[in-house]
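Single-letter residue listing:
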Amino acid sequence: MNERNQENRLIDAKGLMVYYVTSIIGVGILIVPGIAYGIAGPASLLSWIILALLSYPLARSFSKLIVERPHSSGLMLMVGDVFGVKVGQSLNLLLAFTMIIGNPIMGIAAARYLQNIVGYDDHFVLLYGFFFMLASILLNMLGVKMSNRIQFISFLVLSIILSAIIGVALVHADFEQTGSFAPHGYTAVFSAITVCFYSFLGWENATNIAGDVKEPRSSYKKAVPIAVLIVGVLYVLLALALIARIPAETYENTQTVLPLLLKGIVGEHVGYLYNALAIFLIMMATNAWVFSASRVIVSLSETNVLPPLFSQTKRNHVPLYAYLLLASLYGVILLILASFELDEVYLIQMTNFNFFIIYLFIYGAAIKFYKAVRDRLFYLGMMLLVLSILPFFEGSAIFSIVLGILSFVLIAIKRSQEKSVP
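An account of the accompanying structure is given in this report. Counting of residues starts from 1 at the beginning of each chain's written sequence and follows it residue by residue. Reporting in this predicted model follows two pLDDT cut-offs: at least 70 for local features of residues, and 80 or more for side-chain atom pairs to be given and counted; totals over whole chains, interfaces and linings ignore these cut-offs and use all residues. Hydrogens are left out, water is left out, and the side-chain values use all remaining heavy atoms of the structure.

Attention now moves to the pattern of salt bridges. We define a salt bridge as a side-chain nitrogen of Lys or Arg found within 4 Å of a carboxyl oxygen belonging to Asp or Glu. All chains considered together, the criterion is met by four salt bridges. Ionic pairing is found between Asp81 and Arg69, a salt bridge with its closest N-O pair at 2.5 Å. Of this pair, Asp81 sits in helix α4 (residues 74-83) while Arg69 sits in the loop between α3 (44-66) and α4, placing them twelve residues apart in sequence. Categorising residues by exposure relies on relative accessible area from a 1.4 Å probe, with only protein chains included: less than 20% of the type maximum marks a residue as buried, more than 50% marks it as exposed, and the intermediate range marks it as partly exposed. With a relative accessible area of 54%, Asp81 lands in the exposed category. Under the relative-accessibility criterion, Arg69 is labelled partly exposed at 29%. Each helix is a run of DSSP H or I of at least 4 residues and each strand a run of E of at least 2, with the numbering of both proceeding from the N terminus.

Written out as structure tokens, the structure reads:
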């Protein structure tokens, strides 16, 4: 196992915080607040507050573990220590499959928003989606230091723009027109939580770059609370602005929230600005997830699941062949979607279900790893939280289970071949 020296670790606490935020705030902030508002009305604000409060223990549950094994596959190594190497490697391979299948969805989303601006035919959406994925890969191939700088500048721009939109909306708010706080009853809050949870996925993503983080123990400790605060405040204020600007009884159940906040305040050209902002947000998240996926590929190579070629680095410590592999596989996924006319919404649900399965194994390993009762109870609580959400995924679970079994079988075959070699 190759461990990076401190001088080769280029992401500090500030960069890690930016990585956290940009991994989480992406497509979710564009569509999920509107869906949740349609489900629970103004009471959806409670859903955002609850999840914002749960974000810290969720993020902390992963960062606390990864500093014990600060490597790109650190959590999977811990799972392997507890449940066996075969299970740990299978889970890491499942994670790779999940990112390979799930990441192109962000490229498709960006292509759809570009279509709103340019107006090209639907048949070109997947092609442009592939171009967006290539653009993200090329950006990451500039090296960790350069891509981290670009991501930080993008984070500042994002924060300013979103703060301005929310601020303008709140200034023009009319809280007297909100009507009933819970028009669909308070039980709808729990239904909204299952939707809003999608916007908080990504706290585990930063563990995959642990091998690039300077002084992991102190960096994760500093970055997590700041990132949680930024994400939580943005989501809660956005939900509050939506409630104050759009009466629940006149809400048209649209998913495009930001234009609604500015309706009647700015001109009709806001649609173009919104689509441009959407592309910007999506590409920020895409850059973070592509970077994470490359580290998962590298970790699979370093653990001999993939050939050593994919862990080799070129200039600026860039794993060139890992990125080339990702580009090829992203293209294959988009080609499959085009050939069979598959719905990417199903893939989103499958991706989320895969992550929850991975969570369960990680939390199970943590319960075994830690000896203190307090730590064990903490991870047991997180495991029960995940189990309470799993039933809502319905049909997408079937493909996820098949993918998990495939990962285990492939690792079993690989290990049996290694044993047969004299």
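Here the narrative resumes.
What follows concerns empty space enclosed by the protein. Computed over the protein atoms alone on a 1 Å grid, cavities are sets of points where a 1.4 Å probe fits but cannot get out and pockets are open sets with protein on both sides within 12 Å along at least five of seven lines; a residue lines them when it has an atom within 4 Å of a point. Grid points are joined across faces, edges and corners, and a volume is the space filled by probe spheres set on the points. In the structure shown here, the tally under the stated rule is three cavities of 30 Å³ or more. Quantified by volume, the largest cavity comes out at close to 120 Å³. Looking at the largest cavity, the residues that line it are Ile11, Gly15, Val18, Tyr19, Asn140, Val144, Ser147, Asn148, Gln151, Asn287, Ala288 and Phe291. Mapped by element, the contributors of at least two residues to the lining of the largest cavity are α1 (13-24), α8 (144-171) and α12 (270-302). Here the element with the most residues in the lining of the largest cavity is α8; it accounts for four residues. Following the grouping adopted for this structure description, the nonpolar residues are Ala, Val, Leu, Ile, Met, Phe, Trp, Tyr, Cys and Pro, the charged ones are Asp, Glu, Lys and Arg, and the polar ones are all others, Gly among them. Of the residues assigned to the lining of the largest cavity, the class counts are six nonpolar, six polar and no charged. As a volume, the second largest cavity reaches approximately 80 Å³. What lines the second largest cavity is a set of 13 residues, and nearest its centre among them are Met76, Leu95, Glu204, Thr207 and Asn208. Residue assignment for the lining of the second largest cavity shows that the elements contributing at least two residues are α4, α5 (85-102) and α14 (344-369). The leading source of residues in the lining of the second largest cavity is α14, at four residues. Considering only residue class, the lining of the second largest cavity consists of nine nonpolar, three polar and one charged.

With respect to the secondary-structure elements, Gln151 resides in helix α8. In this structure the side chain of Gln151 is engaged in a polar contact, spanning 2.8 Å, whose partner is the backbone oxygen of Met284. We define a polar contact as two N or O atoms separated by no more than 3.5 Å, with the added condition that, inside protein, one atom must be a possible hydrogen donor and the other a possible acceptor, whereas residues neighbouring each other in sequence contribute only through side-chain atom pairs.

So, about unusual backbone geometry. In this structure, Glu215 takes a positive phi of about 40° despite not being glycine. Owing to a relative accessible area of 53%, Glu215 belongs among the exposed residues under this scheme. Positive phi outside glycine occurs at Asn304, with the angle close to 70°. With respect to the helices and strands, Asn304 occurs in the loop between α12 and α13 (320-340).

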